[in-house]
Amino acid sequence: MQTPERHQFRQVQPAHHGGHPANSVLGTLRITGGSKPAGARATYAKLLTPALVCLAIWSHIWVGTAAAIALTTLAVAGLVFLQSKQAAPSTKPTWANAVGFGERIWLNRLHTPIPDKLSARITTLFLVYWLGAVIAYTGGITASLLLTGTGLLVAYSAQLVCFQKQVVLFRQMKDRSPLYRFWSSAPDNDNSEKNA
């Protein structure tokens, strides 16, 4: 008989808030579990997302509205599936893996505080990315090359800078928590010599 999972939320002590407004206001609750960050495939899927979704939206001028909605839904579902894949263990994470690790650390900032300046920059870059993406998608709906081009330029610029900040965050924080050290450790398998 399975017992229901208890204590999904745990109280965080005020001393761990680090002075960050999000840490002090929302830091009283945290979701336990600390799932592993998404892998390199998710980073590359995020790079494809704005252009692929825009192309699917733009398809309404060639295949009609109903088919464009179906294509857009299919594209978003495929990209979400790719982004949900877990990272493969690696002792030296690649740039794309480091982006995923940095994003997970940023999302976990209520439990393990991160530098305020870096947190604010990543948050701002996420907002700018979404602003650019919404403009690009609006350009696709209205068939405006100017809106689509401008939105994609803003979205990709913000996304690439945000990725770089997430790599910096991972490098700064990777030794601050046993969980973060575990993410980048490779499994030690004693059975590997049996096949040799």
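Residues numbered from 1 in each chain as written. Predicted model: local features only at pLDDT ≥ 70, side-chain atom pairs only at ≥ 80, totals over all residues. Heavy atoms only, no water.

Visitor: I'm lost on the overall build of the protein in this one. Help?
Guide: Per the secondary structure count, the protein includes eight helices and zero strands. In the protein, the succession of helices and strands from N to C terminus is α-α-α-α-α-α-α-α. Going through the 196 residues of the protein one by one, you find that 37% of them count as buried. For the protein, the proportion of contacts with a sequence separation of at least 24, taken over those separated by at least 6, is 72%. Summed over all atoms, the accessible surface of the protein reaches about 12000 Å², with 64% contributed by carbon and sulfur. (Helix = DSSP H or I, 4+ residues; strand = E, 2+ residues; numbered from the N terminus. Buried < 20%, exposed > 50% of the residue type's maximum accessible area, 1.4 Å probe, protein only. Contact = heavy atoms within 4.5 Å. Areas by Shrake-Rupley, 256 points an atom, 1.4 Å probe, with all protein chains shown as cover.)

Visitor: Could you clarify how one ought to interpret the environment of Leu79 in this entry?
Guide: Within the fold, Leu79 resides in helix α4 (residues 65–83). Separated by 38 residues in the primary sequence, Leu79 and Arg41 have C-alpha atoms spaced 10.0 Å apart. Leaving out residues up to four positions away in the same chain, Leu79 has contacts with Ala45, Leu48, Thr49, Leu52 and Val53.

Visitor: What should I look at first to understand the layout of surface pockets in this one?
Guide: Once rolled over the atoms, a probe with the size of a water molecule shows which space is left empty. Estimates place the volume of the largest pocket at around 400 Å³. As for the largest pocket, its lining consists of 20 residues, of which Lys46, Thr49, Gln83, Tyr129 and Trp130 are closest to the centre. Put simply, the parts of the chain that give the lining of the largest pocket at least two residues each are α2 (40–58), α4, α5 (95–107), α6 (116–142) and α7 (145–173). When the residues that make up the lining of the largest pocket are grouped by side-chain class, the tally is 13 nonpolar, five polar and two charged. (1 Å grid on protein atoms, 1.4 Å probe; cavity = no way out; pocket = protein on both sides within 12 Å on 5 of 7 lines; lining within 4 Å. Points joined across faces, edges and corners; volume = space filled by probe spheres on them. Nonpolar A, V, L, I, M, F, W, Y, C, P; charged D, E, K, R; others polar.)

Visitor: Help me out: how do you make sense of the nonpolar core in this one?
Guide: Soluble, globular proteins show a tendency: their nonpolar side chains are buried together. In terms of nonpolar packing, the biggest core is built from 19 residues, with Ile105, Trp106, Ile114, Ile122, Leu169, Phe170 and Met173 touching the most fellow members. Breaking this core down by element, the ones donating at least two residues are α5, α6 and α7. For Met173, the contacting residues outside a window of four places in its chain are Ile105, Thr112, Pro113, Ile114, Pro115 and Tyr180. (Core = buried A, V, L, I, M, F, W, Y, C linked by side-chain atoms within 4.5 Å.)

Visitor: Any chance you could explain the packing of α6 against α7 here in plain terms?
Guide: For any two helices packed against each other, one specifies the inter-axial angle together with the distance between the axes. Between α6 and α7, the shortest axis-to-axis distance is 7 Å and the interhelical angle comes to 155°. Considering the angle they form, α6 stands roughly antiparallel to α7. The hand of the α6/α7 crossing is left-handed. Classifying every residue of the contact of α6 with α7 gives 18 nonpolar, ten polar and two charged. (Axes fitted to C-alpha atoms, helices over the stretch in contact; angles between N-to-C directions. Parallel < 35°, antiparallel > 145°, perpendicular 65-115°, else oblique. Left-handed = near helix turned anticlockwise from the far one by under 90°.)

Visitor: It is not clear to me how a nonpolar patch on the surface should be interpreted in this structure. Could you clarify?
Guide: Where nonpolar side chains cluster on the molecular surface, the patch consists of Leu48, Leu52, Leu55, Ile61, Trp62, Val63 and Leu71 and spans about 690 Å² of accessible area. Tracing the sequence through the fold places Leu48 in helix α2. (Patch = residues over 30% accessible without salt bridge, like charges linked within 9 Å, V, L, I, M, F, W, Y side chains within 5 Å. Salt bridge = Lys/Arg side-chain N within 4 Å of Asp/Glu carboxyl O.)

Visitor: Is there a simple way to explain the packing of aromatic side chains in this structure?
Guide: Any aromatic ring pair is given by two values, namely how distant the centres are and how the planes are angled relative to each other. Taken as a whole and assessed by the stated rule, the structure comprises four aromatic pairs. Look at Trp95 and Phe163: their rings are 5.9 Å apart centre to centre, the planes differ by 70°, and that puts the pair in the edge-to-face class. One end of the pair, Trp95, is in helix α5; the other, Phe163, is in helix α7, and 68 residues separate them in sequence. By relative accessible area, which is 36% here, Trp95 ends up partly exposed. With centroids separated by 5.3 Å and ring planes inclined at 75°, the aromatic side chains of Tyr129 and Trp130 adopt a geometry described as edge-to-face. Positioned above the aromatic ring of Trp106 is the side chain of Arg109, whose terminal nitrogen or guanidinium carbon lies 4.1 Å from the ring centre. (Phe/Tyr/Trp six-rings, centres within 6.5 Å; stacked < 30°, edge-to-face > 60°. Lys NZ or Arg CZ within 6 Å of the ring centre and 35° of its normal.)

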